[in-house]
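# Structural overview for review
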Amino acid sequence: MFVDSHCHLNYKGLVEEQGAVLERARGAGVAKMLNISTRASEWDDVIGVAEREPDVWASVGIHPHEADIHPDVEAQTLVERARHPKVIGIGESGLDFYYDRSNRDRQRASFRSHIAAARESGLPIIVHTRDAEQDTHDILRDEVGKGAFTGVIHCFTASADFAREALDLGLYISMSGIVTFKNAKDLAATAKEVPANRLLIETDAPFLAPVPHRGRPCEPAFVADTARFLAQLRGEPVDTLAEYTTANFHTLFSKAA
C-alpha cells in the first residue's frame, strides 16, 4: 500500500471528478492521501474532503505565491486551524524565487510564521522551495536553533548538497513524478541516496504526472508509478519501498498514524 503525501484534490483537473479520482487511487493501492492547501480560502474545502473521506487528510498553509495577499495569516491562526483532528501538517509554505509572485521578504516572513506554527502545534511543516536553496536552508537552520520542529521538503528538485543539508536538519525528502522524467538524471541520483528512513513519495496532483502518464492531469493513483520507478532505481522490491515510505509518512505525520 502507498501513501500520496502531497496532492491537491480540490484543484481543477481533479475536483470535477473527485469521487472517481479517489476510487482510482484506492484501486492502485493508495491507502492515504494528504490534501494540501495553498491559501486561506481553500482551508474549509480541503478540510471538508478530509472529513468526508476516511483515507484523506488535510493541511493548512499559505503557498509562497500567495504570501502577498495573506499578510495577516500569523502562526496562531495556523495553530488554531490545525487543531482539527484531520489536519496533520502545516503548509505548504516556503520560498519560490523562480516565479517571484510575492515579495521575497513577505515570503520569508510567511515561511517563518509557518515554522513557528509547526513548532507550537507539533505538526510537520511542508516546505516548497524553488530557486531559493540558500535562503531556504538559512531560514531552516536559524529556526531549528530556536527550537525543534519536523518537516518535509516536498516535490524535491534541489541539489544533492541541499538534500544533505535538509537531512542534517532532521527533515524528510519527498519525491514526485519529476524523478521519472528523462531530463532528471541528477535528481534520480539524489533519490537513489536518500536514506530509506527519510524518503516519502507524492504526486503533487494535478501537476507533474510521472512517466508513463505525461501530458495528462496527474492524480494520486499515479504515486504507484513513481514508487515503481524509485524501487527499480534503488534496487529493491516495490513492496519494500511502499512499506518504508508508508512507515515514514506515519512517523512524520504522526497525527494520521
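Residues numbered from 1 in each chain as written. Predicted model: local features only at pLDDT ≥ 70, side-chain atom pairs only at ≥ 80, totals over all residues. Heavy atoms only, no water.

## Details of the overall build of the protein chain
- When you go through the protein chain residue by residue, the secondary structure sums to nine helices and eight strands.
- Relative to the compact-globule value of 18 Å for 257 residues, the protein chain shows a C-alpha radius of gyration of 17 Å, a close match.
- Taking the principal axes of the C-alpha coordinates as reference, the protein chain spans close to 45 × 40 × 30 Å.
- Put simply, the protein chain has 257 residues, and 58% of those count as buried. (Helix = DSSP H or I, 4+ residues; strand = E, 2+ residues; numbered from the N terminus. Rg over C-alpha atoms; globule rule 2.2 N^0.38 Å. Buried < 20%, exposed > 50% of the residue type's maximum accessible area, 1.4 Å probe, protein only.)

## So, the UniProt feature "binding site: a divalent metal cation 2" (unreviewed entry) in the protein chain
- Sequence positions flagged by UniProt for "binding site: a divalent metal cation 2" (unreviewed entry) are, in local numbering, H128 and H154. A compact arrangement is adopted by the annotated residues: their sequence extent is 27 residues, whereas the largest C-alpha distance between any two is 6.0 Å.
- With respect to the element layout, H128 can be found in strand β5 (residues 125–130).
- When its relative accessible area of 13% is taken as the criterion, H128 is described as buried.
- For H128, the contacting residues outside a window of four places in its chain are H63, P64, E92, S93, G94, L95, D96 and H154. (UniProt positions renumbered as here; feature names shortened; annotations may be inferred. Contact = heavy atoms within 4.5 Å.)

## So, the UniProt feature "binding site: a divalent metal cation 1" (unreviewed entry) in the protein chain
- Taking the numbering used here, the UniProt-annotated feature "binding site: a divalent metal cation 1" (unreviewed entry) corresponds to H6, H8, E92 and D204. These annotated residues cover 199 residues of sequence, but their C-alpha atoms sit close together, with the largest distance between any two at 11.1 Å.
- Structurally, H6 can be placed in strand β1 (residues 2–7).
- You can call H6 buried: its relative accessible area is 0%.

## A word on unusual backbone geometry
- For the bond running from G91 to E92, omega is 20 degrees, close enough to zero to count as cis.
- Checked against the element boundaries, E92 lands in strand β4 (residues 87–96).
- Omega for the peptide link from V211 to P212 comes to 15 degrees, which places this bond in the cis form.
- Tracing the chain through its elements places P212 in the loop between β8 (199–201) and α8 (223–234).
- Phi at D204 is positive, roughly 60 degrees, even though this residue is not glycine.
- By relative accessible area, which is 9% here, D204 ends up buried.

## Regarding the environment of D55
- With respect to the helices and strands, D55 occurs in the loop between α2 (43–52) and β3 (56–60).
- For D55, a relative accessible area of 11% gives the class buried.
- Between the C-alpha atoms of D55 and H6, which are 49 residues apart in sequence, the distance is 13 Å.
- At 2.6 Å, the side chain of D55 forms a polar contact with the side chain of R26. (Polar contact = N/O pair within 3.5 Å; in protein donor to acceptor, adjacent residues only side chain to side chain.)

## Let's talk about α8
- Its twelve residues place the ends of α8 16 Å apart at the C-alpha level, agreeing with the 16 Å of an ideal helix rising 1.5 Å per residue.
- Along α8, the positions that sit buried rather than exposed are V223, A224, D225, T226, A227, L230, A231 and R234.
- Close packing links the buried residues of α8 with β1, β2 (30–35), β7 (172–175), α7 (185–193), β8 and α9 (238–252).
- Residue G235 follows α8 closely and has a positive phi angle near 70 degrees. (Expected span 1.5 Å × (residues − 1).)

## Side note on the sheet that holds β3
- With parallel pairing, the eight strands of this open sheet are ordered in space as β1-β2-β3-β4-β5-β6-β7-β8. Of all the strands in the sheet, the pair left with one neighbour each is β1 and β8. For this sheet the average axis-to-axis angle between neighbouring strands, irrespective of direction, equals 30 degrees.
- In terms of strand pairing, β5 meets strand β6 (residues 151–153) through three bridges, oriented parallel. Note on β6: the bridge partner recorded for I125 is G151.
- Its contacts with the sheet place helix α6 (residues 160–168) against β5, β6 and β7, and it is angled at close to 135 degrees to β7.
- Contacts between α8 and the sheet are confined to β1, β2, β7 and β8, with β1 contributing the most and set at about 115 degrees to the helix. (Pairing = 2+ DSSP bridges. Axes fitted to C-alpha atoms, helices over the stretch in contact; angles between N-to-C directions.)

## Considerations on the packing of α7 against α8
- Their axes nearest at 9 Å, the elements α7 and α8 cross at an angle of 75 degrees. In terms of orientation, α7 lies roughly perpendicular with respect to α8. Of the residues in α8, those touching α7 at A188, A191, K192 and E193 are L230, L233 and R234.
- Taken together, the residues of the contact of α7 with α8 break down into four nonpolar, no polar and three charged. (Parallel < 35°, antiparallel > 145°, perpendicular 65-115°, else oblique. Nonpolar A, V, L, I, M, F, W, Y, C, P; charged D, E, K, R; others polar.)

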